[in-house]
Amino acid sequence: MNAQGLHTQSPPGAPADAAALKELYAQYNQNTEKLRLAFERLERRFREIDPYNIYNSITEALITLDRDENILTCNAAAERIFELNAHQAAGRSFRDALPMCVRSFEDHAERADPGARYEIHFRNSGGDPMYLRGRYSPLLDRNGDEIGYTCLFTDHSVERLLEEKARRQDRLTALGELAAGVAHEMRNPLTTIRGYLQILPDNKDDDEFIHEFSDNLIREIDRLTRLTDNLLNMAKPISPELRRVCLSETVTAVADFLADKLKSGGVSVEIEESAESFPVRVDVDRIRQVFINLFVNAAEAMSDGGRVFVRLSRRTETFSSDEDPTVFVVAEVADNGPGIPPQLIDRLFDPFFTTKDTGTGLGLSLTNRIVEEHGGFIRVESAAGEGARFWVFLPEADESKG
Ligand code: ADP
Ligand code: MG
């Protein structure tokens with residue numbers, strides 16, 4: 001041990017201790033800063049999760065009512081969507097302040113289905129269409145006692161507008177495709193007619209040619225006539241005057257109307273008897289067209305004769321969780337012909353899709369359109385060699401309406 005070694009054990013207050021203290025102080029400062037930051041973060045979180053902010057930040061309109069259906073509170077979205085002022089609205093009767101919601105509110109009271117959602121449609125003061133989906137539930141206090149109602153509305157006006165736009169675009173595209181198809185379908189017979197006319201002067205004394213000439217011209221002109229007839233039918237909108245009829249009567253009438261024609265081709269139509277009635281509200285002429293097309297197609301598919309079998313039934317379909325189930329009257333038209341190969345099924349309803357030399361390919365496309373315009377749809381099932389089976393779904397007529 002040397003003399004210098006003694007100096008390392010300095011008494012308190014000596015410079016070495018000052019360094020330690022400084023270090024300690026710095027650490028203290030650092031920790032306080034950390035604490036301060038943590039506190040700030042916490043405070044911010046606290047502000048952020050303030051129920052008031054949540055209430056006013058959600059995009060759904062939230063309105064609470066007391067037991068007498070007077071407005072208690074409206075959040076910011078409710079003020080915006082319903083053009084209300086929360087302060088002025090408080091205390092007002094819900095029915096007076098929001099007349100557009102009254103029907104759905106009453107529906108809810110009647111059905112008492114807590115999960116049910118209601119479509120609400122109105123125009124705002126600027127004339128813009130508003131589409132809301134509303135939901136009503138009890139307003140509970142801290143003890144879980146019912147003290148009024150909570151009304152929650154989702155605004156889906158923008159989606160609706162976009163959907164509408166897309167539908168319009170689809171229609172335009174379909175129209176473009178149809179026009180292109182028509183042009184194509186017309187060009188073939190016109191080319192044939194032109195070809196024959198061109199060589200007519202040189203062959204006008206050839207009896208055989210004249211025969212062929214007139215046969216072919218008539219065939220091509222018939223084809224053009226069929227095409228225009230079908231197109232006219234296609235363009236015809238369904239009558240706004242729908243009639244309530246029993247679908248089995250319409251189907252039977254069509255079968256009777258076609259009976260002779262079908263019988264000559266060895267085809268019989270059998271309609272299953274039923275004691276039930278199948279009420280639908282339809283443009284009868286157009287619905288007759290639907291079954292004419294289906295029966296004629298079946299008969300054309302069974303050139304060696306066969307059997308068309310028709311059965312009516314009733315079916316309930318639900319398309320999405322927020323829609324009410326719809327009751328449909330279903331007409332099943334089945335034949336025992338060659339059926340439709342699976343690779344063609346998807347194209348059946350395309351305009352101009354045909355496997356026949358003299359076909360227009362417009363029958364099923366028109367059939368589908370008529371059914372859709374009645375709020376229905378068509379399903380088809382077939383395997384080659386097993387016959388074809390079509391189901392026509394039409395919404396059942398409301399009992400209460402004539
Ligand atoms: P078209 O009868 O003028 O050919 P459609 O639109 O009525 O036009 O029918 C399109 C195609 O669907 C037919 O060409 C045929 O190939 C097929 N098809 C329709 N119905 C049947 C059926 N019952 N059995 C077999 N094939 C069918
Ligand atoms: Mg057809």
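Residues numbered from 1 in each chain as written. Chains lettered and ligands numbered in written order. Predicted model: local features only at pLDDT ≥ 70, side-chain atom pairs only at ≥ 80, totals over all residues. Heavy atoms only, no water.

### Notes on the packing of helix H10 (residues 247-264) against helix H11 (residues 284-301)
It is the contact of H10 with H11, at a shortest axis distance of 9 Å, that shows an interaxial angle of 45 degrees. One way to sum up the angle between H10 and H11 is to call them oblique. Considering only the axes of H10 and H11, their crossing is right-handed. In contact with Leu247, Thr250, Val251, Ala253, Val254, Ala255, Phe257, Leu258 and Leu262 of H10, H11 contributes Val284, Ile287, Arg288, Phe291, Ile292, Phe295, Val296 and Ala299. Looking at side-chain class alone, the contact of H10 with H11 contains 15 nonpolar, 1 polar and 1 charged residues. (Axes fitted to C-alpha atoms, helices over the stretch in contact; angles between N-to-C directions. Helix = DSSP H or I, 4+ residues; strand = E, 2+ residues; numbered from the N terminus. Parallel < 35°, antiparallel > 145°, perpendicular 65-115°, else oblique. Left-handed = near helix turned anticlockwise from the far one by under 90°. Contact = heavy atoms within 4.5 Å. Nonpolar A, V, L, I, M, F, W, Y, C, P; charged D, E, K, R; others polar.)

### A word on the side chain of Asn216
Within the fold, Asn216 resides in helix H9 (residues 207-235). Separated by 2.6 Å, the side chains of Asn216 and Tyr196 make a polar contact. (Polar contact = N/O pair within 3.5 Å; in protein donor to acceptor, adjacent residues only side chain to side chain.)

### Overview of the environment of Thr154
Structurally, the position occupied by Thr154 is in strand E5 (residues 146-155). Thr154 sits in the partly exposed class, given a relative accessible area of 35%. Separated by 49 residues in the primary sequence, Thr154 and Phe105 place their C-alpha atoms 15 Å from one another. Those residues within four positions of Thr154 in sequence are excluded, and the remaining contacts are Glu60, Tyr131, Leu132 and Arg133. (Buried < 20%, exposed > 50% of the residue type's maximum accessible area, 1.4 Å probe, protein only.)

### Comments concerning the pairing of strand E2 (residues 71-74)
Where strand E1 (residues 61-66) and E2 come together, 3 bridges link them in antiparallel fashion. Considered in E2, the bridge of Leu65 is made with Ile71. Taking the residues between adjacent antiparallel strands as the criterion, E1 and E2 are bridged by 4 residues, where Glu69 takes a positive phi near 65 degrees. (Pairing = 2+ DSSP bridges.)

### Some points on the site of ligand 1
Neighbouring ligand 1 are 20 residues, the closest being Asn297, Asp335, Thr354, Thr355 and Lys356. At 2.9 Å from an oxygen atom of ligand 1 is found a main-chain nitrogen or oxygen belonging to Gly361. Contact distances for ligand 1 include 3.4 Å between an oxygen atom and a backbone N or O atom of Gly363. Starting from 530 Å² of accessible surface for ligand 1 in isolation, the protein chains cover 93%. Because more than half of its atoms lie within 2 Å of the grid, ligand 1 is assigned to the largest pocket. Elements that contribute at least two residues to the shell around ligand 1 include exactly H11, helix H13 (363-373) and strand E12 (388-395). Of the residues that constitute the shell around ligand 1, the class distribution is 9 nonpolar, 8 polar and 3 charged. (Near = heavy atom within 4 Å. Areas by Shrake-Rupley, 256 points an atom, 1.4 Å probe, with all protein chains shown as cover. 1 Å grid on protein atoms, 1.4 Å probe; cavity = no way out; pocket = protein on both sides within 12 Å on 5 of 7 lines; lining within 4 Å. Sits in = over half its atoms within 2 Å of the grid points.)

### Side note on H11
Across its 18 residues, H11 extends 26 Å between first and last C-alpha, which sits within 8% of the 26 Å expected from 1.5 Å per residue. Of the positions making up H11, those classed as buried are Val284, Arg286, Ile287, Val290, Phe291, Ile292, Asn293, Leu294, Phe295, Val296, Ala298 and Ala299. (Expected span 1.5 Å × (residues − 1).)

### Structural notes on the nonpolar core
What tends to happen in soluble globular proteins is that the nonpolar side chains get buried as a cluster. If you look at the biggest cluster of nonpolar residues, it comprises 51 residues, and the most contacted ones within it are Leu247, Phe291, Phe295 and Phe390. The element that contributes the greatest number of residues to this core is H11, accounting for 10 residues. Not counting residues within four places of it along the chain, the set of residues in contact with Phe390 comprises Leu294, Ala331, Glu332, Val333, Ile340, Leu348, Phe349, Leu364, Ile378, Arg379 and Val380. The next biggest cluster of nonpolar side chains, apart from the first, holds 26 residues, and it includes Ile71, Phe105, Leu132 and Phe153. (Core = buried A, V, L, I, M, F, W, Y, C linked by side-chain atoms within 4.5 Å.)

### Remarks on a negative patch on the surface
Judged by side-chain charge, Asp205, Asp206, Asp207, Glu208, Glu212 and Asp215 come together as a negatively charged surface patch. Checked against the element boundaries, Glu212 lands in helix H9. Residue Glu212 is classed as partly exposed on the basis of its relative accessible area of 40%. (Patch = residues over 30% accessible without salt bridge, like charges linked within 9 Å, V, L, I, M, F, W, Y side chains within 5 Å. Salt bridge = Lys/Arg side-chain N within 4 Å of Asp/Glu carboxyl O. Lys, Arg positive; Asp, Glu negative; His and termini not counted. Charge placed at Lys NZ, Arg CZ, Asp CG, Glu CD.)

### Focus: the sheet that holds E1
Ordered in space as E2-E1-E5-E4-E3, the 5 strands form an open sheet in which the pairing is antiparallel. Of all strands in the sheet, those bounded by a partner on one side alone are E2 and strand E3 (118-123). Within the sheet, the average angular offset between the axes of one strand and its neighbour, ignoring direction, is 30 degrees. In the sheet, E1 pairs with E5 via 6 bridges, with the strands oriented antiparallel. Its bridge partner being in E5, Thr64 is matched across the sheet by Thr150. Contacts from helix H7 (residues 102-111) reach E1, E3, strand E4 (129-140) and E5, with the element oriented near 165 degrees to E3. Of the strands in this sheet, E4 and E5 are in contact with helix H8 (residues 157-203), which crosses E4 at around 145 degrees.

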